[in-house]
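Now for the letters of each chain:
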Amino acid sequence: KSVAPSTAKSVLQTPDDFKFASRQTQRGTLAPRDLKEQDDWAQRMIKLVGACPENNDWARKENPGGFQCLGGGHGMTDELLAEGLGGILAHPARKWGESKGPYYPDPSTGKY
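Computed from a predicted structure; not experimentally measured.

(A) Region of the structure containing the layout of surface pockets. Roughly 150 Å³ of internal volume is contained in the second largest pocket. What lines the second largest pocket is Thr7, Ala8, Lys9, Ser10, Val11, Leu48, Val49, Leu85, Gly86, Pro105, Asp106 and Pro107. Here the lining of the second largest pocket is built from residues that sort into seven nonpolar, three polar and two charged.

(B) Examining the pattern of salt bridges more closely. Here the structure, examined in full by the defined rule, presents eight salt bridges. Ionic pairing is found between lysine 47 and aspartate 57, a salt bridge with its closest N-O pair at 3.4 Å. With lysine 47 in helix α2 (residues 32–49) and aspartate 57 in the loop between α2 and β1 (58–61), this residue pair connects regions lying ten residues apart in the sequence. Note on aspartate 57: relative accessible area 45%, which makes it partly exposed.

(C) Representation of the packing of helix α1 (residues 15–23) against α2. Viewed as axis vectors pointing N to C, α1 and α2 meet at an angle of 110 degrees, and their least axial separation amounts to 10 Å. Taken as axis vectors, α1 and α2 run roughly perpendicular relative to one another. Two secondary-structure elements touch here, α1 through Asp17, Phe20, Ala21 and Arg23 and α2 through Asp34, Glu37, Gln38, Trp41 and Met45.

Cut-offs applied
Residues numbered from 1 in each chain as written. Predicted model: local features only at pLDDT ≥ 70, side-chain atom pairs only at ≥ 80, totals over all residues. Heavy atoms only, no water. 1 Å grid on protein atoms, 1.4 Å probe; cavity = no way out; pocket = protein on both sides within 12 Å on 5 of 7 lines; lining within 4 Å. Points joined across faces, edges and corners; volume = space filled by probe spheres on them. Nonpolar A, V, L, I, M, F, W, Y, C, P; charged D, E, K, R; others polar. Salt bridge = Lys/Arg side-chain N within 4 Å of Asp/Glu carboxyl O. Helix = DSSP H or I, 4+ residues; strand = E, 2+ residues; numbered from the N terminus. Buried < 20%, exposed > 50% of the residue type's maximum accessible area, 1.4 Å probe, protein only. Axes fitted to C-alpha atoms, helices over the stretch in contact; angles between N-to-C directions. Parallel < 35°, antiparallel > 145°, perpendicular 65-115°, else oblique. Contact = heavy atoms within 4.5 Å.

In structure tokens:
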């Protein structure tokens, strides 16, 4: 397991952010209504951190759970979303589950 650098800044700001972050890794146990709210929150967090350097949208993936950009080169697992520090994975072969990282944004530039 990778450890985020001490310079990584949390994007979790509100009580709702902390609530949704705490249940992101248990999304498979959520009721359908709660699952929609959870996925909406996850997409907001992904957009907030600007996680795809190529500005692609994101789609849900499983095994492991998370999101992959539609270009295939970047991903964010449920664990990284729950962590709330903007970490992303690189998928050089554009295959979910084959990744490098996580990588975190530089606090001075916001770039990965």
